[in-house]
Amino acid sequence: MSDNNFLAVFNKNNPRKIVMLTAYDYPSAVLVARAGVDVILVGDSLANVVLGLDATTQIGMPEMLHHTQAVCRGAGQVPVVADIPAAVMPTETDPACTRCVDGAKAFIAAGCVAVKIEWSTHGLSAVRAVRQAGIEVMAHVGLTPQTAVDFKVQGREAASAAAIVEQARAMEAAGCFAVVLECVPEGLAREITGALNVPTIGIGAGKFCDGQVLVLHDMLGLNDRKVPRFVKKYADVSGVIVNAIQSYTQEVRQGLFPDDSHTFH
Ligand code: KIV
């Protein structure tokens, strides 16, 4: 999907909750699309849950693009949004945001409908430059892993809450079509959701957001890593996989696999 029809899902007046989920490769995109989500996110959480890195800041455009291309091949008609990685976010030496805009263009060429940009010192400039290039942008405020110092609930104090409200408003004013709210108190998410004309998509932000997003590997129980409290584990897929591999291992060792039905004569 490469036109703007996907924006219908993000109509603030639409009472239906928006469902977003991450995917990082072709098979996961096929399954996530088949299950009927509204939008797929190729998050830079790819760094943690797929590549085994410590931080999302350790991933660059080449890895993000490689996985995004695979996701777009599997997503069918489901719109795909990709994270602009920290590696190409603007710096003092790139005030024109050239690398960020080039990155956004590469994601669109891969088949994405939009990119997601996290709030940071230069986040607004990045959004403006990417919008100027005609590319749709989803914003991300609250806990922003690319620049976070403390990975804890954000906006518990009045000043930090007010700052997050301002960031969300500024991202909307810069032309973002939706705002991800990560790890903020439910009351604050409710206030921001009421204040914006574009939908909010929460992760660890309570039930009053216009939609929800989770990291696929966390909600499937596909990783052994400790997941944040806001993650609901809908399955224990790692258990299923380990059981299957143990059965295979035993059957090979006992000479039970392959049997006649898996053998050419
Ligand atoms: O990278 C990611 O998976 C994200 C979600 C947590 C929203 O940004």
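Structure report, in brief.

Rules behind the numbers
Residues numbered from 1 in each chain as written. Predicted model: local features only at pLDDT ≥ 70, side-chain atom pairs only at ≥ 80, totals over all residues. Heavy atoms only, no water. Buried < 20%, exposed > 50% of the residue type's maximum accessible area, 1.4 Å probe, protein only. Helix = DSSP H or I, 4+ residues; strand = E, 2+ residues; numbered from the N terminus. Contact = heavy atoms within 4.5 Å. Near = heavy atom within 4 Å. Polar contact = N/O pair within 3.5 Å; in protein donor to acceptor, adjacent residues only side chain to side chain. Areas by Shrake-Rupley, 256 points an atom, 1.4 Å probe, with all protein chains shown as cover. Nonpolar A, V, L, I, M, F, W, Y, C, P; charged D, E, K, R; others polar. Salt bridge = Lys/Arg side-chain N within 4 Å of Asp/Glu carboxyl O.

Some thoughts on helix 5 (residues 123-132)
Then comes step 1: For helix 5, the full list of buried residues reads Gly 123, Leu 124, Ala 126, Val 127, Ala 129 and Val 130.
Then comes step 2: The secondary structure elements touched by the buried residues of helix 5 are helix 4 (98-110), strand 4 (114-118), strand 5 (136-142) and helix 6 (158-173).
Then comes step 3: Looking one or two residues past helix 5, Gly 134 carries a phi angle of roughly 85°, positive in sign.

Digging into the side chain of Gln 167
Then comes step 1: Looking at the element boundaries, Gln 167 is found in helix 6.
Then comes step 2: On the basis of relative accessible area, Gln 167 is assigned to the buried category, the value being 15%.
Then comes step 3: Among residues more than four places away in sequence, those in contact with Gln 167 are Trp 119 and Val 141.

Structural notes on the site of the ligand
Then comes step 1: All residues in the neighbourhood of the ligand are listed as Thr 22, Leu 41, Gly 43, Asp 44, Ser 45, Asp 83, Lys 116, His 140, Glu 182, Ile 203 and Val 215.
Then comes step 2: Contact distances for the ligand include 3.1 Å between an oxygen atom and a backbone N or O atom of Asp 44.
Then comes step 3: Here Ser 45 contributes a side-chain N or O atom positioned 2.5 Å from an oxygen atom of the ligand.
Then comes step 4: Alone, the ligand offers 260 Å² of accessible surface; in the complex the protein occludes 94% of this.
Then comes step 5: In terms of residue class, the shell around the ligand is built from three nonpolar, four polar and four charged.

Side note on the pattern of salt bridges
Then comes step 1: Enumeration according to the criterion identifies nine salt bridges in this entry.
Then comes step 2: Among the ionic pairs, Asp 210 bridges to Lys 12, the shortest N-O distance being 2.7 Å. Pair noted here: Asp 210 is in the loop between strand 7 (200-203) and strand 8 (211-214) and Lys 12 is in the segment before strand 1 (18-22), with a separation of 198 residues, a long-range link.
Then comes step 3: Take Asp 210: its relative accessible area is 18%, and that puts it in the buried class.
Then comes step 4: Owing to a relative accessible area of 24%, Lys 12 belongs among the partly exposed residues under this scheme.

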